[in-house]
Amino acid sequence: MALTGKGFTKNIKGLITYYRQGGMLEVVYRLSSYGYLPEWLLFLESTNIMVLEKFNEKAIRRKLTGYEFKVADESNIKDIIDCTGNDSPENAQEIFQNFFDEGHKCILIKDGTKVVAYAWSFTNKYILTFDDYKSNNITILAGKGNVFFGTGFIAEEYRLKGLFPHMIKYMMDQFPDSTKYYTAIDHGNAPSYQSHCRLGYVPLFSVISFSLLMIRTYFVKREEGKLRSFEGFGSPILELSNYVNQE
């Protein structure tokens with residue numbers, strides 16, 4: 001989105017639209033998110049934390065045929081990376097191996113021998129990362145027995161075919177009925193946010209990673225009342241119960 005040349009007028013209109021949506025904070029967020037501001041100077045990202053109130057059974061009315069659902073093991077790491085393709089982080093092998101080592105679960109959907117979708121579930125705690133687990137991370141303590149869904153992917157040619165809700169339901173079937181389910185959706189990922197809302201998720205708050213001249217800080221912004229709280233520098237720990245109990 002270079003602000004020069006033929007696209008100048010279009011880009012300015014885009015910035016005006018973002019300003020109307022959320023003020024100057026939204027404009028800065030978009031410029032940072034799309035890489036138009038150098039990270040050493042300023043970085044701003046926001047992630048929505050959501051909780052599943054009640055799973056919408058209507059979301060799985062559409063029956064799937066020809067697919068295999070299974071719980072993955074370490075032998076599937078290459079299949080998971082191959083499914084992600086060019087969207088895989090450089091350290092994907094290490095990331096997924098660490099997930100297995102820590103006892104987290106991964107659900108696969110296969111079309112024949114090919115893995116076409118996967119989703120991870122994290123029990124008790126979740127590492128919310130803004131840079132593929134390198135250094136810009138915040139640990140969210142979900143509480144004993146509670147589960148965070150995250151780090152999922154559906155191959156492009158299999159999207160909009162009804163796989164997502166069935167994958168989430170299959171994942172839920174691996175845990176007790178009393179389990180509370182949370183997820184984290186990037187602020188700019190409107191399709192994913194809407195898909196989770198259709199499943200029965202509702203927003204709790206947003207986690208904001210902000211750095212100026214490489215000094216990284218984290219904040220929480222509640223949707224209702226616009227309450228903001230400082231969570232710390234570096235890689236802090238966030239107690240989810242501090243915010244859930246305010247509902």
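What comes next is a walk through the structure. All values reported here derive from a predicted model rather than from experimental measurement.

Regarding the pairing of strand E10 (residues 215-222)
At step 1: Two elements, strand E9 (residues 201-212) and E10, share eight bridges in a ladder whose sense is antiparallel. For serine 209, the partnering residue across the bridge sits in E10 and is tyrosine 218.
At step 2: Hairpin remark: E9 followed by E10, antiparallel, with two residues in the connecting loop; positive phi at leucine 213, about 55°.
At step 3: As defined by bridge partners, E10 adjoins strand E11 (residues 228-233) across five bridges and the pair is classed as antiparallel.

So, the packing of aromatic side chains
At step 1: Per the stated rule, a full pass over the model turns up 20 aromatic pairs.
At step 2: Between phenylalanine 149 and tyrosine 181 the ring centres are 5.2 Å apart and the planes differ by 25°, which places this aromatic pair in the stacked class. Here the residue phenylalanine 149 occupies a position in strand E7 (residues 147-154), and tyrosine 181 occupies one in strand E8 (residues 181-186), the gap between them amounting to 32 residues.
At step 3: The exposure class of phenylalanine 149 is buried, given its relative accessible area of 4%.
At step 4: Note on tyrosine 181: relative accessible area 5%, which makes it buried.
At step 5: A connected cluster of aromatic rings, assembled from ring pairs, spans Phe96, Phe99, Phe100, Tyr118, Trp120, Phe122, Tyr126, Tyr133, Phe148, Phe153 and Tyr182.
At step 6: The ring of phenylalanine 153 has arginine 159 sitting right over it, with the charged end atom 5.3 Å from the ring centre.

Regarding a negative patch on the surface
At step 1: Taken together, Asp73, Glu74, Asp101 and Glu102 make up a surface patch of like negative charges.
At step 2: As for its placement among the helices and strands, glutamate 74 is situated in the loop between strand E2 (67-71) and helix H2 (77-84).
At step 3: On the basis of relative accessibility, which here comes to 43%, the residue glutamate 74 falls in the partly exposed class.

Some remarks on the packing of H2 against helix H3 (residues 92-101)
Working note: a packed helix pair is described by the angle between its axes plus the distance between those axes.
At step 1: Between H2 and H3, whose axes approach to 10 Å, the crossing angle comes to 130°. The angle between the axes of H2 and H3 places the two elements in the oblique class. Taken as a pair, H2 and H3 cross one another with a handedness that is right-handed. Judged by residue contacts, Ile77, Ile80 and Ile81 of H2 engage Ala92, Gln93, Phe96, Gln97 and Phe100 from H3.
At step 2: Tallied by class, residues from the contact of H2 with H3 come to six nonpolar, two polar and no charged.

Conventions adopted
- Residues numbered from 1 in each chain as written.
- Predicted model: local features only at pLDDT ≥ 70, side-chain atom pairs only at ≥ 80, totals over all residues.
- Heavy atoms only, no water.
- Pairing = 2+ DSSP bridges.
- Helix = DSSP H or I, 4+ residues; strand = E, 2+ residues; numbered from the N terminus.
- Phe/Tyr/Trp six-rings, centres within 6.5 Å; stacked < 30°, edge-to-face > 60°.
- Buried < 20%, exposed > 50% of the residue type's maximum accessible area, 1.4 Å probe, protein only.
- Lys NZ or Arg CZ within 6 Å of the ring centre and 35° of its normal.
- Patch = residues over 30% accessible without salt bridge, like charges linked within 9 Å, V, L, I, M, F, W, Y side chains within 5 Å.
- Areas by Shrake-Rupley, 256 points an atom, 1.4 Å probe, with all protein chains shown as cover.
- Salt bridge = Lys/Arg side-chain N within 4 Å of Asp/Glu carboxyl O.
- Lys, Arg positive; Asp, Glu negative; His and termini not counted.
- Charge placed at Lys NZ, Arg CZ, Asp CG, Glu CD.
- Axes fitted to C-alpha atoms, helices over the stretch in contact; angles between N-to-C directions.
- Parallel < 35°, antiparallel > 145°, perpendicular 65-115°, else oblique.
- Left-handed = near helix turned anticlockwise from the far one by under 90°.
- Contact = heavy atoms within 4.5 Å.
- Nonpolar A, V, L, I, M, F, W, Y, C, P; charged D, E, K, R; others polar.

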